[in-house]
Amino acid sequence: MIGGTEKNLPNGTHLRGDINVLLVGDPSCGKSQMLRFVMNIAPLAVSTTGRGSSGVGLTAAMIRDPATREFALEAGAMVLADRGVICIDE
């Protein structure tokens, strides 16, 4: 896999070195097939759809346990794909 280099600067700033890619194109150009290929070769990959995930659903969600009525945080797709690849298809 490819990626940037993490850096810790002398002033305490941490640069993650992540690479973000946005695929845009006409229908039937193979964008979804490319995402499936990345999902197959990446050691850690999470797939989601744009319809199935809101901004909150990508990061975390507050849920209430029906049995105990207590609140808990549920990890979203971006949290589950930490140090890996997240593929968001339409």
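Residues numbered from 1 in each chain as written. Predicted model: local features only at pLDDT ≥ 70, side-chain atom pairs only at ≥ 80, totals over all residues. Heavy atoms only, no water.

### Overview of unusual backbone geometry
- Of note in this structure, Arg69 is not a glycine but carries a positive phi near 65°.
- You can see Arg69 is positioned in the loop between strand E4 (60–64) and strand E5 (71–75).
- Exposure remark for Arg69: the relative accessible area of 53% places this residue in the exposed category.
- Despite not being glycine, Arg83 has its phi angle at roughly 65°, a positive value.
- As for its position among the elements, Arg83 is in the loop between helix H3 (77–80) and strand E6 (85–89). (Helix = DSSP H or I, 4+ residues; strand = E, 2+ residues; numbered from the N terminus. Buried < 20%, exposed > 50% of the residue type's maximum accessible area, 1.4 Å probe, protein only.)

### Brief notes about a nonpolar patch on the surface
- A surface patch of nonpolar side chains, about 390 Å² in accessible area, is lined by Ile19, Val21, Leu23 and Met34.
- Mapped onto the secondary structure, Val21 falls in the loop between strand E2 (14–15) and helix H1 (31–41).
- The exposure class of Val21 is exposed, given its relative accessible area of 67%. (Patch = residues over 30% accessible without salt bridge, like charges linked within 9 Å, V, L, I, M, F, W, Y side chains within 5 Å. Areas by Shrake-Rupley, 256 points an atom, 1.4 Å probe, with all protein chains shown as cover. Salt bridge = Lys/Arg side-chain N within 4 Å of Asp/Glu carboxyl O.)

### Considerations on the state of the cysteines
- Under the criterion given, the structure shown has zero disulfides.
- Left unpaired, Cys29 is separated from the closest cysteine sulfur, that of Cys87, by 18 Å.
- Residue classification places Cys29 among the exposed residues on the basis of a relative accessible area of 54%.
- Owing to a relative accessible area of 3%, Cys87 belongs among the buried residues under this scheme. (Disulfide = S-S within 2.5 Å.)

### Concerning the pattern of salt bridges
- Under the criterion given, the structure shown has one salt bridge.
- Among the ionic pairs, Arg83 bridges to Glu6, the shortest N-O distance being 2.2 Å. Of this pair, Arg83 sits in the loop between H3 and E6 while Glu6 sits in the segment before strand E1 (7–8), placing them 77 residues apart in sequence.
- The class for Arg83 is exposed, based on a relative accessible area of 67%.
- Given the relative accessible area of 37%, Glu6 is considered partly exposed.

### As for the environment of Arg64
- The residue Arg64 is located in strand E4 in this model.
- A relative accessible area of 38% places Arg64 in the partly exposed class.
- Separated by 10 residues in the primary sequence, Arg64 and Glu74 have C-alpha atoms spaced 9.9 Å apart.
- Not counting residues up to four positions away in its chain, the partners in contact with Arg64 are Arg69, Glu70 and Phe71. (Contact = heavy atoms within 4.5 Å.)

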